[in-house]
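Spelled out, the chains give:
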Amino acid sequence: MFPKTHITIAAAATVVVTAAILMSPSSNVEAKRMSYALDLEQGSVSDSGASPLQAITPDSTAEAADSKGLEPDVTAKIDHQPGFSAPEQPAAPEQATLDWQTFEIKSGDTLSSLFREAGFNDGIMLSVIHGEGEAEKLQRLYAGETIRFATTRDGSLAAVELQRNLLETLRIAKDGENFTGETQLRKPEARPAFASGTIDGSLYLAAREAGLNDRLTMELAGIFGWDIDFVYDVRKGDQFEVVYEELYLDGEKFDTGRILSARFVNRGEENLALLYTDSEGDSDYYAPDGKSMRKAFLRTPINARISSPFNLQRRHPVLDVVRPHEGTDYAAPPGSPIKAAGSGRVKFAGWKGGYGRTVVLQHGDNITTLYAHMSRLGKGIKNGTRVKQGQTIGHVGSSGMVTGPHLHYEFRVNGSPRNSRTVKLPDAKPIPPSEMARFKQFTNQRVAQFDVFRERYQQVALASDD
Ligand SMILES: [Zn+2]
């Protein structure tokens, strides 16, 4: 998919940038991160200079970086370009004749005290919260939220807005005699951004240097973590490139979204993962050939240390006789969530003798997994329930015959116990043939997008080598 020369150029560019950063951090960090307002879902990445979505050049990037230091807002230049819908605003005509008062809600504030501060008595407050629609939700206020009161010229209350966060506002407006409430949700605009780095110490450090936040770094490790152990397998010189979403409201970046595509070169071997949403609406990461990045099973259903390994010759700690240990024990605090190792159906959920409170999952025809000694079952877990990989199916406890709280986990193939730590795990389902044409079309666009970003990145990196 990527010719060797391409990778070599990327590596060279990265070295240049890294060396430059040591001497002059502020002017070169931008080479590691870029934002473009490409049309994500359409994947339009044409390099036409006429497109308003491509109003970026290495020069403009450097300029922005000079004026703003470490956080070059290279997208600012295209905020007012045609092609973006204007941010939603409260209706303008009504706005003009209303007088707005705004209060930050502090702990100790009550709805009554806020209404009073705005000049309205409890009677008016009651008529608002007893209004139609979602008006009653005004009673649930939290410190840190913002409340606004709109007053007409004659001094009567026209509307109350409770802004819960950047994306969610409860708006209650007078509609004839009554108030009517409605929750208004804003959808952030997602713009793809690019980060690239070479590992010197750890992925964490390199990712941080490349401008990725901790959540994106964890996600990146999670995408490739099925095949690459980020503690033992990663080597100095390994490289990553990530296209991810930056979320904007009114042209201001406020958060990051999903990783759209990622490339990780581990000991010279390239891995490419693309986020694909299938025709059913399910999203997952796939290699360009349609193979899932995931295995059908998690290696471990809980983040905890092994307290007793799989051992068919073991002497039982309670019974003190040779009794095979047909699973792996994980010591974890009571209540810790236990994940379904794979997607499947609940075959058993309940009390099972010495196993205590137990869940058994059936995966396909021949594999079952068992989770024992739970303190309680997960929400909605009962016989026949469908579960997804990673879903919480129960919580660690010490039910049944145990010496302390732990998870006992079994992996069985055709009924025989296998060591879950070493058994070869089947891959998760690839893209089905019926979906392949759609998938190919999509991934071609994503790979092209990746190439555009990488090219820009290299131009910027080389341009800063003066
Ligand atoms: Zn056990």
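Residues numbered from 1 in each chain as written. Predicted model: local features only at pLDDT ≥ 70, side-chain atom pairs only at ≥ 80, totals over all residues. Heavy atoms only, no water.

**Q** Could you give an account of the confidence of the model for the protein, naming the residues involved and the relevant values?
**A** Scored by pLDDT, the protein comes out at a mean of 81, with 79% of its residues at no less than 70. Low pLDDT, under 50, characterises residues 1-32; the stretch is placed with 61 contacts to residues that sit more than four places away or in other chains. Predicted confidence for residues 36-93 stays below pLDDT 50, and this span has 82 contacts to residues more than four positions away or in other chains. (pLDDT = per-residue confidence, 0-100. Contact = heavy atoms within 4.5 Å.)

**Q** Explain the coordination of the zinc ion to me, and be specific about the residues and the numbers.
**A** Summarising the metal site, the zinc ion is bound by the protein donors His 325 (NE2), Asp 329 (OD), Asp 329 (OD) and His 408 (ND1), whose distances to it range over 2.0 to 2.8 Å. Sequence positions of the donors to the zinc ion reduce to the motif H-x3-D-x78-H. Placement of the pair is Asp 329 in strand β14 (residues 328-331) and His 408 in strand β21 (residues 406-413), with a sequence separation of 79 residues. (Donors = N, O, S within 2.8 Å, 3.2 Å for Na, K, Ca; no water. Helix = DSSP H or I, 4+ residues; strand = E, 2+ residues; numbered from the N terminus.)

**Q** Any chance you could break down the pattern of salt bridges for me, citing the residues and the numbers?
**A** Oppositely charged side chains may form a pair once their charged atoms are brought near each other. Tallied over the entire structure, the rule returns 24 salt bridges. With its nearest N and O atoms 2.4 Å apart, the salt bridge here joins Glu 161 to Arg 171. In this pair, Glu 161 sits in strand β5 (residues 157-163) while Arg 171 sits in strand β6 (residues 168-175), placing the two residues 10 residues apart along the sequence. The two residues Glu 161 and Arg 171 agree in class, both being buried. In this structure, the salt-bridge partner of Asp 284 is Arg 294, at a minimum N-O distance of 2.7 Å. Here Asp 284, found in strand β12 (residues 283-286), pairs with Arg 294, found in the loop between β12 and β13 (305-308); they are 10 residues apart in sequence, far enough to count as distant. (Salt bridge = Lys/Arg side-chain N within 4 Å of Asp/Glu carboxyl O. Buried < 20%, exposed > 50% of the residue type's maximum accessible area, 1.4 Å probe, protein only.)

**Q** Would you mind going over the environment of Ser 283 in detail, with residue names and values included?
**A** You can see Ser 283 is positioned in strand β12. Not counting residues up to four positions away in its chain, the partners in contact with Ser 283 are Leu 275, Tyr 276 and Thr 277. Separated by 2.7 Å, the side chains of Ser 283 and Thr 277 make a polar contact. (Polar contact = N/O pair within 3.5 Å; in protein donor to acceptor, adjacent residues only side chain to side chain.)

**Q** Give me the lowdown on the sheet that holds strand β7 (residues 178-185), citing residues and values where you can.
**A** Within the open sheet, the 6 strands sit side by side as β2-β4-β5-β6-β7-β3. Their pairing is mixed. Two strands bound the open sheet, and with one partner strand each, they are β2 (99-104) and β3 (132-133). Examined bridge by bridge, strand β4 (residues 146-151) and β5 share 6 bridges and lie antiparallel to one another. Its bridge partner being in β5, Phe 149 is matched across the sheet by Val 160. (Pairing = 2+ DSSP bridges.)

**Q** Outline helix α5 (residues 111-118), listing residues and values.
**A** Within α5, burial applies to Leu 111, Ser 112, Leu 114, Phe 115 and Ala 118. Buried residues along α5 cover an arc of 165° about the axis, so they all sit on one side. Remark: Gly 119 follows α5 within two positions and exhibits a positive phi of approximately 100°. (Arc of directions from axis to C-beta.)

**Q** Any details on the environment of Phe 348? Residues and values, ideally.
**A** Residue placement: Phe 348 occurs in strand β16 (residues 344-351). Phe 348 sits in the partly exposed class, given a relative accessible area of 25%. Each C-alpha atom, one on Phe 348 and one on Val 360, is 4.9 Å from the other, the two residues being 12 residues apart in sequence. Those residues in contact with Phe 348 that lie beyond four places of it in its chain are Thr 358, Val 359, Val 360 and Asn 383.

**Q** I'd like a rundown of the nonpolar core, residues and numbers included.
**A** One finds Leu 212, Leu 220, Phe 224, Phe 240, Tyr 244, Ile 259 and Phe 264 to be the most contacted residues of the largest nonpolar core, which totals 35 residues. Elements that contribute at least two residues to this core include exactly β8 (189-198), α7 (203-209), α8 (214-224), β9 (239-249), β10 (252-266), β11 (269-277) and α9 (436-463). A per-element tally of this core places α8 first, with 5 residues. Core analysis: the next-biggest nonpolar cluster, separate from the first, contains 23 residues, Val 359, Ile 393, Tyr 409 and Val 413 among them. (Core = buried A, V, L, I, M, F, W, Y, C linked by side-chain atoms within 4.5 Å.)

**Q** Break down helix α6 (residues 122-129) for me, citing the residues and quoting the values.
**A** Taken together, the buried positions of α6 are occupied by Met 125, Val 128 and Ile 129. The arc that holds every buried residue of α6, seen down its axis, measures 90°, which confines them to one face. Close packing links the buried residues of α6 with α5, β5, β6 and β7. The opening residue of α6 is Asn 121, an N-cap whose side-chain oxygen sits 3.1 Å from the backbone nitrogen of Gly 123.

**Q** Pulling in residues and values, what's your account of the packing of aromatic side chains?
**A** Under the counting rule described, the total for this entry stands at 13 aromatic pairs. Arranged with centres 5.6 Å apart and planes meeting at 5°, the rings of Phe 194 and Phe 453 form a pair that is stacked. One end of the pair, Phe 194, is in strand β8; the other, Phe 453, is in helix α9, and 259 residues separate them in sequence. Seen from their ring centres, Tyr 276 and Phe 439 are 5.0 Å apart, and the 90° between their planes marks the pair as edge-to-face. Of this pair, Tyr 276 sits in strand β11 while Phe 439 sits in helix α9, and the two are 163 residues apart along the sequence. (Phe/Tyr/Trp six-rings, centres within 6.5 Å; stacked < 30°, edge-to-face > 60°.)

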